[in-house]
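As a plain string of letters, each chain reads:
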Amino acid sequence: MSEKVRILKVRFDKITMTEAIKKALEFAKDTKHHYICTPNPEILLAAEENPKYEEVLNKSDLNIADGIGILWASKFKKITEQNQGRLKIFGKWLTSLSAILFYPKYIRTEITERVTGADLMQNICKAAANEGLKIFLLGAGEGIAEKVKTILETKYPGIKIVGTHAGSPRPSMEAEITKKTNETDAQILFVAYGAPAQELWIARNLKKLTTVRLAIGIGGAFDYLAGVRKRAPKWLQKIGAEWLHRLIQQPSRIKRIFNATVKFPVKVLKKKLK
Ligand code: UDP
């Protein structure tokens with residue numbers, strides 16, 4: 001069992017990419033249903049307002065830290081564990097936040113790695129190709145999952161992508177999607193409906209999926225793989241500024257980015273000062 005840490009209302013597993021892949025494979029080969037969530041700061045803020053979403057996130061089999069903000073929050077929690085004055089807490093808040101940019105090693109001592117849904121998906125695909133596990137791709141725009149299937153088949157020879165479906169997260173579509181998935185015999189299901197729709201979809205439907213053993217909501221990962229959207233360069237990801245790249249690519253995300261970079265750290269501080 002991995003060590004846990006609670007950030008705002010959501011439990012995280014202190015786990016690296018290598019451990020996450022190992023866990024995912026165990027889940028996919030198990031006899032029970034499992035799901036993995038990849039919460040980021042925005043998702044934590046959404047969970048504050050939505051008790052059902054909070055419950056779904058906390059009942060998952062694994063929660064991995066999809067965002068540098070989560071690594072920061074786990075470090076901030078650690079350094080303010082002992083009783084201390086408000087001014088001191090505020091000082092630690094400021095210095096730990098600046099460390100994201102100027103001394104990133106400092107914030108990587110609690111949750112040590114950012115494990116994004118997009119990266120985890122690729123690693124699972126690679127491992128699944130070796131182990132003969134079957135994969136179903138659900139969600140994203142029309143034709144995207146099909147394109148991702150072709151790309152993955154070239155990248156990971158032997159991979160078994162047994163089905164794709166764009167569809168919609170609307171409950172009225174669920175019967176059709178679960179039926180289609182069950183007919184393919186897939187053990188792993190990637191759901192690209194964006195948060196919170198994908199996690200809520202998984203929570204409502206996982207038990208109806210007769211062969212799927214592992215489901216993961218992976219947000220815009222299909223779009224990145226299909227080349228519809230570009231991932232930030234590695235150096236920007238490293239300094240925790242993937243949000244800057246997203247802002248330039250999709251200016252309409254400004255509110256979401258504000259939530260992740262400003263509202264989230266302020267909320268974490270306020271909770272601590274309460
Ligand atoms: N999406 C979908 N159906 C919907 C809403 C969203 O298939 O009704 C897809 C959308 O095409 C995109 C993904 O869900 O591929 C969500 O992307 P987003 O940018 O929200 O995810 P992030 O990477 O930010 O979590």
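Everything here concerns the structure above.
Residues numbered from 1 in each chain as written. Predicted model: local features only at pLDDT ≥ 70, side-chain atom pairs only at ≥ 80, totals over all residues. Heavy atoms only, no water.

For a regular strand, side-chain orientation follows a simple rule: the groups alternate between the two sheet faces. Alternating positions in strand β8 (residues 214-217) separate into two faces, L214 and I216 on one and A215 and G217 on the other, with burial throughout. Two elements, strand β3 (residues 34-37) and β8, share three bridges in a ladder whose sense is parallel. Of the residues in β8, the one forming a bridge with I36 is I216. Each parallel crossover has a hand, and for strand β7 (residues 188-192) linked through helix α9 (residues 197-205) to β8 it is right-handed. (Buried < 20%, exposed > 50% of the residue type's maximum accessible area, 1.4 Å probe, protein only. Helix = DSSP H or I, 4+ residues; strand = E, 2+ residues; numbered from the N terminus. Pairing = 2+ DSSP bridges. Right-handed = clockwise from strand over helix to strand, strands pointing away.)

Another point: unusual backbone geometry. A cis amide bond links A195 to the next residue, P196, at an omega of 0°. Relative to the helices and strands, P196 resides in the loop between β7 and α9. Even without being glycine, L8 reaches a positive phi, approximately 50°. Positionally, L8 belongs in the loop between β1 (4-7) and β2 (10-13). Its identity is not glycine, yet D185 carries a phi of approximately 75°, on the positive side. Structurally, the position occupied by D185 is in the loop between α8 (174-184) and β7. Residue classification places D185 among the partly exposed positions, given a relative accessible area of 38%.

With that out of the way, let us pick up the site of the ligand. Residues in close proximity to the ligand total 14 residues, the closest being A140, G220, D223, R229 and R256. One of the side-chain nitrogen or oxygen atoms of R253 is found 2.9 Å away from an oxygen atom of the ligand. Expressed as a share of its isolated accessible area of 550 Å², the protein-covered part of the ligand is 70%. Split by residue class, the shell around the ligand holds four nonpolar, five polar and five charged. (Near = heavy atom within 4 Å. Polar contact = N/O pair within 3.5 Å; in protein donor to acceptor, adjacent residues only side chain to side chain. Areas by Shrake-Rupley, 256 points an atom, 1.4 Å probe, with all protein chains shown as cover. Nonpolar A, V, L, I, M, F, W, Y, C, P; charged D, E, K, R; others polar.)

Bringing the environment of I15 into the picture now. Mapped onto the fold, I15 is located in the loop between β2 and α1 (17-29). Spatially, the C-alpha atom of I15 lies 6.7 Å from that of S2, the residues being 13 residues apart in sequence. Residues within four places of I15 in sequence aside, it is in contact with A20, K23, L62, I64, E113 and V115. (Contact = heavy atoms within 4.5 Å.)

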